[in-house]
Amino acid sequence: MKIRVLLVDDEEEFVRTLSERLTLRDYDITASLSGDDALQKIKQYNYDVVILDVAMPGIGGIDALREIKKMKPLTEVIMLTGHGTVETAIEGMKLGAFDFLMKPCNTEELDTKIKKARARKAEHEERIRAAKVSDIISSPRSVLEDD
Amino acid sequence: MRDNLDTVAETGFQFFGKMTASISHEIKNVLAIINENAGLLEDITLMADRGRPIEPERLKTLAQAVMKQISRADTIVKNMNRFAHSTDESIKSVDLNDTLELVVVLSNRLASMRGLELDPKLQKTPVKIRTSPFLLMNFIWLCLDFAMDAAGDRKIVELATQKTETGAQIRFRGLEGLEQLPLDTFPAERERNLLNILGAELVVDTKNDEFVVKLAADIDKD
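Residues numbered from 1 in each chain as written. Chains lettered and ligands numbered in written order. Predicted model: local features only at pLDDT ≥ 70, side-chain atom pairs only at ≥ 80, totals over all residues. Heavy atoms only, no water.

Visitor: In this structure, what is going on with the interface of chain B and chain A? I would like to understand it.
Guide: Note: interface size is frequently given as the accessible area lost on complex formation between the parts. Every contact between the two is made by 22 residues of chain B and, on the other side, 20 residues of chain A. Here chain B packs against chain A, burying approximately 1900 Å² in sum over the two surfaces, 54% of which is carbon and sulfur. Looking at the side of chain B facing chain A, the largest losses of area belong to Lys 28, Glu 36 and Met 113 of chain B, adding up to 32% of the total buried there. Inspection of the chain B/chain A interface yields six salt bridges. Close ionic contact of Arg 21 of chain A with Asp 43 of chain B constitutes a salt bridge, the shortest N to O distance being 2.9 Å. Where chain B touches chain A, the interface holds nine residue pairs in polar contact (both at pLDDT 80 or more). (Contact = heavy atoms within 4.5 Å. Buried area = accessible area lost by both parts, 1.4 Å probe. Salt bridge = Lys/Arg side-chain N within 4 Å of Asp/Glu carboxyl O. Polar contact = N/O pair within 3.5 Å; in protein donor to acceptor, adjacent residues only side chain to side chain.)

So, in structure tokens, the structure goes:
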């Protein structure tokens, strides 16, 4: 299954070109030009990885990250930043972002980070599944009672 | 007096830093787009190596996209250059239209980040005054920063230049949120120091959702 990526940046041309390049690398890409629009899309669909620009008009990258982590804690976020906003990207890491990349970014590096982020999401999902199975095995009655 | 000059210098450095940081961010964005276009060209070439034919129209579109970004970067750098040269002469004759337009161009990205639009209404004829170009730009930015806070739900700040009998003025209009702001914080010390040096006056008119900066025709003859 293709890795589902949401690319969020207010620079339309940047989003269009990077989307095309990532599609050629076999990702399932959705593009978004604002934090507000991205949050709507994330509400409706499960993305594996969100690539999020730090500095955007309206809801900025950090606020968007907070909302994403509230709505979909397992979705991994990679922050994109110009050099003036590295501190903000580091703040993002503290808030649960998977990693950050400086603009202009190296596509191979981005490709690697997306794959690593997807792997971490898969690990978390597997851990949650295993914990649920373990709960069922240790006390099957509790599962029936829950129902 | 020393303290006042220190405040003016500090305010000036902050202004210079704010503007150059915003300019460098814009240039980074342009470089990022050029980088992706060049990368896409490389991707297309690699695919051609594997036998997929290259579409000339696609190459043309990519070349045009790069040229568009180079033109955008050129405009940004030209404005940065104009801004840098505003410190060449401490006092000189300027067209207030040019000065205001440059501050607006440099501030557009910062306004957009706050979800706002700047709408300059410039006079068709030059509005000449003799002033300190850099300090005037600094003062206009401080006023604009305040005006953006006062824009209210309309989200547009109108700026208009006008000739007056004693010099010129800039009106910051359409500030629907002006009445809601605590006016005891504006003008603050930094704005008052610049007003003194520029021989200017600030008149706030909450009833008409605007404030006016009145500038002397000649900074030395005020």
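Visitor: Mind showing me how you'd approach helix H3 (residues 61-71) of chain A here?
Guide: Residues three or four positions apart in an α-helix share a direction because the helix packs 3.6 residues into each turn. All names here are of chain A. Buried within H3 are the following residues: Gly 61, Ile 62, Ala 64, Leu 65, Ile 68 and Lys 69. Down the axis of H3, the sector holding all buried residues measures 155°, keeping them to one side. In this structure, the buried residues of H3 make contact with helix H2 (35-44), strand S3 (49-53), strand S4 (76-81) and helix H4 (86-94). (Buried < 20%, exposed > 50% of the residue type's maximum accessible area, 1.4 Å probe, protein only. Helix = DSSP H or I, 4+ residues; strand = E, 2+ residues; numbered from the N terminus. Arc of directions from axis to C-beta.)

Visitor: I keep staring at the sheet that holds strand S6 (residues 201-205) of chain B and nothing clicks. Help me out?
Guide: Through backbone hydrogen bonds, the strands of a sheet pair up, either in parallel or in antiparallel fashion. Residue and element names in this part refer to chain B. Spatially, the five strands line up as an open sheet ordered S2-S4-S5-S7-S6, and their pairing is mixed. Edge positions in the sheet fall to strand S2 (117-121) and S6, since each has one partner strand and no second. Taking each pair of neighbouring strands and ignoring which way they run, the sheet shows an average axis angle of 15°. Relative to strand S4 (residues 156-163), S2 runs parallel, the two being bridged by five bridges. By the bridge assignment for S4, Asp 119 is matched with Glu 158. (Pairing = 2+ DSSP bridges. Axes fitted to C-alpha atoms, helices over the stretch in contact; angles between N-to-C directions.)

Visitor: Would you mind showing me how to read the packing of helix H4 (residues 133-149) of chain B against helix H5 (residues 189-198) of chain B here?
Guide: Helix-helix packing is described using two parameters, namely the angle between the two axes and the distance between the axes. Residue and element names in this part refer to chain B. Between H4 and H5, the shortest axis-to-axis distance is 10 Å and the interhelical angle comes to 140°. It follows that H4 is oblique to H5 by the angle criterion. Considering the relative orientation of H4 and H5, their crossing is left-handed. Listed contacts from H5 to Leu 135, Leu 136, Asn 138, Phe 139 and Leu 142 of H4 are Arg 190, Glu 191, Leu 194, Leu 195, Ile 197 and Leu 198. Taken together, the residues that form the contact of H4 with H5 break down as eight nonpolar, one polar and two charged. (Parallel < 35°, antiparallel > 145°, perpendicular 65-115°, else oblique. Left-handed = near helix turned anticlockwise from the far one by under 90°. Nonpolar A, V, L, I, M, F, W, Y, C, P; charged D, E, K, R; others polar.)

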